[in-house]
Structure formats: structure tokens, C-alpha cells
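Examination of the molecular architecture
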Amino acid sequence: MKGPRTGSKVTYVTLAGNEEANAAYDVAVAAVRASLGGTHPNWIDGRASHAATTFDDLSPTDPSLLVGRFPRSGPDTVASAMAGARRAFPEWSARPYAERVAILRDAAGRISDRMSELAALMSLEVGKNRLEAMGDAEEAADLLRYYCRQIEDAGGFEQPLDSLLPGEDTRSVLRPYGVFAVVAPFNFPLALAAGMAGGALVAGNTVVFKPSSDAPLTGLRLYEILTAAGVPPGVFQFVTGSGRDLGDAFLDERFDGIVFTGSKEVGMDLHRRFAKDWPKPVIVEMGGKNPAIVTRHADLQKAAEGIARSAFGFGGQKCSACSRALIAREVYDAFLERLVAVSSKLVLGDPTARATYLGPVISAKAKATHAAALAEARRDGRIVFEGTLPDDPALARGHFVPPVVADDLPDGHRLWREELFVPFLAVGKVASLGEAVARANASEYGLTAGIFSEDDAEVRSFFDGIEAGVVYANRRTGATTGAWPGVQSFCGWKGSGSTGKGGCGPWYVQQFLREQSRTIVR
Ligand code: NAD
């Protein structure tokens with residue numbers, strides 16, 4: 001890849017003061033809200049395909065708001081989507097890569113052009129605040145652009161190899177596998193869907209895409225944008241539904257590869273059961289229990305801001321959310337005081353409102369997860385901070401939960417180990433950096449991690465010892481969150497990912513390709 005590029009755009013940290021973006025978003029919220037409630041089909045081979053039954057996609061801010069009604073697809077639908085994608089593969093894969101790049105770049109431009117509308121939709125459909133929602137849309141566009149650059153910079157992944165005999169000419173060529181299943185999570189409903197699909201498509205594969213059942217309308221917008229940009233019928237099939245039956249249909253259909261982002265439970269199940277006939281690429285990106293360490297050499301204000309932001313941004317529903325903080329005992333009380341002060345200022349409420357930092361969590365199930373964690377923390381530890389629920393009656397039915405900081409939980413407690421995916425932060429005291437790193441590593445996950453220390457030797461030692469794929473030092477804007485395409489590659493170690501290569505990073509597109517060496521004797 002060529003060197004880093006920078007520019008001014010709405011990322012996850014830079015909305016403040018952008019009046020134009022805020023005004024456009026406000027207009028878009030009204031327009032998108034007025035357009036919700038339709039019944040939508042699957043899209044297979046460029047044609048609408050309705051199912052016998054549907055499910056309701058409801059807004060987490062107000063579950064009486066119907067975002068849309070979508071097909072509850074079964075195995076037959078997956079089979080016909082797969083068959084069509086297989087038929088479309090020869091033509092799509094045979095195109096010069098520059099043609100696929102041109103189409104996906106066009107799609108990226110369309111996403112950027114429609115950023116306000118897409119962000120407004122994500123706020124209404126999954127409860128992201130405006131900054132997070134705009135960041136998601138812009139990240140989706142940048143992921144497509146970055147993966148296009150990747151294949152261009154690599155010259156289409158074709159290069160000469162050595163020869164042993166005169167007249168022998170050998171080249172290594174990376175070639176697409178065939179049809180990929182793309183299964184996306186609710187929490188970055190545009191960015192991760194576009195990123196996974198973009199990697200597969202630019203490499204020349206065709207795709208059967210299943211959005212999260214909590215975010216199918218955002219997924220449908222991606223389908224429409226790719227189609228408008230010139231992705232031909234059959235190359236990107238759109239299928240909705242939920243549950244184990246549909247999951248099993250994806251396993252039964254003999255896809256050539258699968259790319260999934262979601263929970264460890266589902267990802268590991270796919271990883272174990274996907275390859276039936278022979279080994280196949282199973283790219284699963286999963287959860288995290290991401291730690292931040294604060295040493296006695298830390299700037300405590302920076303640490304408090306970075307940790308609160310990472311723990312409570314989008315209600316703790318980022319795979320990169322900070323859910324554990326390990327604090328040097330010398331600075332423990334001073335740090336907690338600052339953390340509580342920062343957390344108390346975060347506004348919980350309607351995600352479309354300008355002042356809101358956290359909206360609702362995604363579902364009643366997530367709300368119950370939060371309630372159980374809070375009760376356990378009260379029983380087995382101490383609640384250091386509990387935020388205030390919004391008192392607006394219009395939000396009474398929403399899945400709102402307060403941000404919580406708990407300490408005094410015994411080492412090894414469930415709340416130290418399990419990914420909860422709600423705004424809940426466990427905090428504990430450590431005697432040394434060594435102990436902090438050992439406790440941080442005592443996790444089945446290894447996604448992101450952060451340290452706050454003004455001592456370079458401590459930071460180096462943390463980077464060398466921590467078992468995580470995305471590590472940060474002294475990040476006020478997010479102790480463990482906020483990766484960006486081409487800036488931080490996003491590789492899950494251990495139970496957080498299967499391939500040792502990250503989305504957003506320079507080795508992503510290769511994962512959708514297999515090598516062929518071609519020798520000609522002249
Ligand atoms: P999830 O595992 O519940 O669902 C993910 C997708 O899988 C959805 O489309 C869902 O409908 C589908 N699915 C559910 N059961 C299935 C089955 N049995 N077979 C096949 N597909 C099935 O995850 P989620 O709640 O949507 O997303 C949150 C999770 O995603 C968290 O664990 C988070 O850490 C993780 N995540 C990881 C990354 C990363 O890059 N590592 C990024 C974002 C989210």
C-alpha cells in the first residue's frame with residue numbers, strides 16, 4: 001500500500017462545530033422518519049422476491065415505530081440466491097479488476113453523497129447518535145475506497161516469480177474463490193456490511209448478503225447503492241431473516257467462503273461447521289472484552305476521558321468498547337473521581353438529538369443483559385457510578401439503560417470475563433504494569449486494548465506484552481475505540497477473529513483470493 005493519506009471528513013471524533021453536517025442531518029431525520037414502515041422484498045438476480053412470512057424491524061428508541069417489514073427467508077431463498085450468485089460469478093470474476101474498482105468507487109461516492117440520510121436511518125434503526133451514525137456511513141465509503149486502492153496498489157495481485165529453466169515463465173496470480181456468504185452485525189450496519197462485501201466483490205467473488213435482522217433497512221440501502229453504481233444482477237444478492245434455521249441454510253448451501261462479523265458464539269459455530277467438503281475461507285470477526293490500563297505515570301484526565309468515551313460510546317455496543325479498566329493503585333481514587341466526573345456529563349437520550357452521547361441499546365434482550373449485570377455488580381461488588389435515565393415520556397418505551405461503572409468485583413467474576421455489549425465498565429486496582437497486562441490477557445478475547453502512561457518504556461512494554469490486535473496508547477478520543485480504514489487495521493486475536501488479518505488493514509482483500517502459480521514454457 002502507498003503511504004497514509006489524511007483529510008477532513010466526519011469520522012468518529014470530528015463532528016463538533018460542523019454546522020453544515022448537523023443541519024443536513026436534522027433535515028434527513030425528518031425525511032427518513034416520514035418514509036419508514038414499508039414492506040420490503042429480498043433482491044435475487046435483480047428481481048424482488050417476497051417471502052410467505054415477514055418480521056418487523058422496530059426502532060430501539062421507540063419500539064412502536066416500525067422501521068420496516070422484511071422477509072423471514074428460509075432455505076429455499078438462500079438456495080436460489082446462491083444459485084444466481086454462482087451463475088453471475090464467471091462474468092464478474094472475468095472482468096478486469098479496474099472495472100470492479102470503478103463500480104465500487106462509484107458506490108463509495110454515492111454513500112458519501114447520501115451520508116446524512118444514511119446516518120439518520122442508522123440513528124432510527126439501531127440508535128446510534130449522529131456522530132457515530134455519520135462516522136459509520138463515512139467509514140463504509142472509506143472501506144470501499146481503501147479496498148479498491150489495495151487491489152490497485154497490488155496490480156491486481158499478479159506478480160512474476162523466479163524461473164529454474166530457460167524459457168520458463170511463472171507468475172503468481174490471486175484468484176477469487178466463487179460465492180461468498182456475507183453475514184453482518186447490527187452495530188456497524190453499513191460500514192461492516194460494505195467492508196465485508198466490498199472485500200469479497202472487488203476481489204471478483206459474488207455475494208449473498210444477509211444483514212442483521214436488527215438493521216435490514218440499512219442493508220437494503222447498501223444493496224440499492226451497489227446496484228445503482230453498476231453491480232450487475234446476481235452479483236450481490238440481498239436476503240433477510242434471522243435465527244438458527246436461516247444460519248443452517250447458509251451452512252447447507254456449500255458457499256465457497258463465508259465472512260461474518262458478530263458474536264463469538266455464532267462466529268465459532270460457523271467456524272466449526274462451515275467447511276464440509278474441503279477447507280474453505282471462514283473469515284469470522286467476533287467480540288471483545290477490551291481492557292484499558294492506567295499506570296501511575298498516566299495523565300489521569302486524558303485516561304478518564306478516553307475510557308468513558310470508549311466504554312459508553314454507542315452504549316458500549318462496539319466490538320472495540322472498553323469494558324475493563326485496570327488502574328494502578330497509587331492513582332486509583334484520583335482516577336475514579338475523574339471518571340465519574342466525565343461520565344456524569346454524558347447525555348443519555350434520543351440518539352437524533354444533538355446533545356446525546358448515548359442512545360438506547362438495541363433490544364429488550366440487551367436491556368435485560370444490562371439489568372442482570374447491574375444486579376450482580378450490586379451483589380458481588382460496588383456501583384461507583386450509575387447514569388440517569390431520560391425523563392422524556394416520548395422515550396419511555398425505548399430500550400434505555402444507564403451507563404454503569406462497577407468495582408470490587410472478585411477476580412475472575414463473570415462481569416470481568418463476558419462480553420456484555422451494554423454500557424457497563426468493570427474497574428479494578430493493580431499493583432504493577434505486569435499484573436495489569438497479565439489480567440488484561442486473562443481473557444478469551446484479544447481485540448483492542450489501551451494504555452494511559454506518559455512513560456515510553458511502559459508503553460513499549462504494554463505493546464509487546466498485550467495479546468490484542470488493535471492497541472492504543474494515550475488516546476483521549478477513545479481508549480480502545482475509533483479505528484479507521486487504512487489508519488488502524490482491525491485484527492482480532494484469540495477468540496476475537498479467525499484469520500490473523502484485519503478489516504481496515506492492508507492484508508484484507510487477499511483473504512478473498514486463492515493463489516494460482518502459472519508456468520508457461522516457451
Ligand atoms: P450476532 O452474532 O448476534 O449476529 C451477527 C449476524 O449473525 C447477524 O446477521 C445475525 O442475524 C446472524 N446470525 C445469528 N445467529 C446466526 C446463526 N445461528 N447462523 C448464522 N448467522 C446467524 O451479533 P450482533 O449482536 O449482531 O453483533 C454484536 C457482536 O458483533 C458483538 O459480539 C461484537 O463484539 C461483534 N462485532 C465484532 C466486530 C469485529 O470487527 N471483531 C465488529 C463489530 C461487531
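Residues numbered from 1 in each chain as written. Predicted model: local features only at pLDDT ≥ 70, side-chain atom pairs only at ≥ 80, totals over all residues. Heavy atoms only, no water.

Spatial strand order, β1-β5-β4: three strands in an open sheet with mixed pairing. If you trace the sheet from one side to the other, it starts and ends with β1 (38-39) and β4 (54-58), each paired once. The pairing of β1 with strand β5 (residues 66-71) spans two bridges and is parallel. Across the sheet, the residue bridging to glycine 38 is glycine 68, located in β5. Along the sheet, helix α7 (residues 216-229) makes contact with β4 and β5, crossing β5 at roughly 70 degrees. (Pairing = 2+ DSSP bridges. Helix = DSSP H or I, 4+ residues; strand = E, 2+ residues; numbered from the N terminus. Contact = heavy atoms within 4.5 Å. Axes fitted to C-alpha atoms, helices over the stretch in contact; angles between N-to-C directions.)

In the vicinity of the ligand, 24 residues are found, and the nearest of them are Ala184, Ser263, Met286, Cys319 and Glu419. One of the backbone N or O atoms of alanine 184 is found 2.6 Å from an oxygen atom in the ligand. About the coverage of the ligand: the protein hides 87% of its 850 Å² of free accessible area. Of all the cavities here, the one that holds the ligand is the largest pocket. Elements supplying a minimum of two residues to the shell around the ligand: α8 (243-252) and β11 (257-261). Class assignment for the residues of the shell around the ligand results in 13 nonpolar, seven polar and four charged. Counting only domains with at least three residues in the shell around the ligand, you end up with domain 1 (19-286 + 503-521) and domain 2 (290-494). (Near = heavy atom within 4 Å. Polar contact = N/O pair within 3.5 Å; in protein donor to acceptor, adjacent residues only side chain to side chain. Areas by Shrake-Rupley, 256 points an atom, 1.4 Å probe, with all protein chains shown as cover. 1 Å grid on protein atoms, 1.4 Å probe; cavity = no way out; pocket = protein on both sides within 12 Å on 5 of 7 lines; lining within 4 Å. Sits in = over half its atoms within 2 Å of the grid points. Nonpolar A, V, L, I, M, F, W, Y, C, P; charged D, E, K, R; others polar. Domains from an automatic or database assignment.)

Another aspect to go through is the state of the cysteines. Applying the stated criterion across every chain yields a total of zero disulfides. Note on cysteine 322: no disulfide assigned, nearest cysteine sulfur contributed by cysteine 319 at a separation of 13 Å. Given a relative accessible area of 1%, cysteine 322 falls into the buried group. Cysteine cysteine 504 shares no disulfide, and the gap to the nearest cysteine sulfur, in cysteine 319, comes to 9.4 Å. (Disulfide = S-S within 2.5 Å. Buried < 20%, exposed > 50% of the residue type's maximum accessible area, 1.4 Å probe, protein only.)

Parsing the protein into structural domains produces domain 1 (19-286 + 503-521) and domain 2 (290-494). Centre-to-centre separation of domain 1 and domain 2, based on C-alpha positions: 30 Å. If you look at the interface, domain 1 gives 38 residues, while domain 2 gives 35 residues. Buried surface at the junction of domain 1 and domain 2, summed over both partners, amounts to about 2800 Å²; 58% is from carbon and sulfur atoms. The tally of links from domain 1 across to domain 2 stands at four salt bridges. Here arginine 354 makes a salt bridge to glutamate 19, at a shortest N to O gap of 2.9 Å. Taken together, the connections running from domain 1 to domain 2 amount to 13 residue pairs in polar contact (both at pLDDT 80 or more). Of all the elements, helix α5 (residues 130-153) adds the most residues to the side of domain 1 that touches domain 2, at nine residues. Broken down by class, the residue content of the side of domain 1 that touches domain 2 amounts to 14 nonpolar, ten polar and 14 charged. (Buried area = accessible area lost by both parts, 1.4 Å probe. Salt bridge = Lys/Arg side-chain N within 4 Å of Asp/Glu carboxyl O.)

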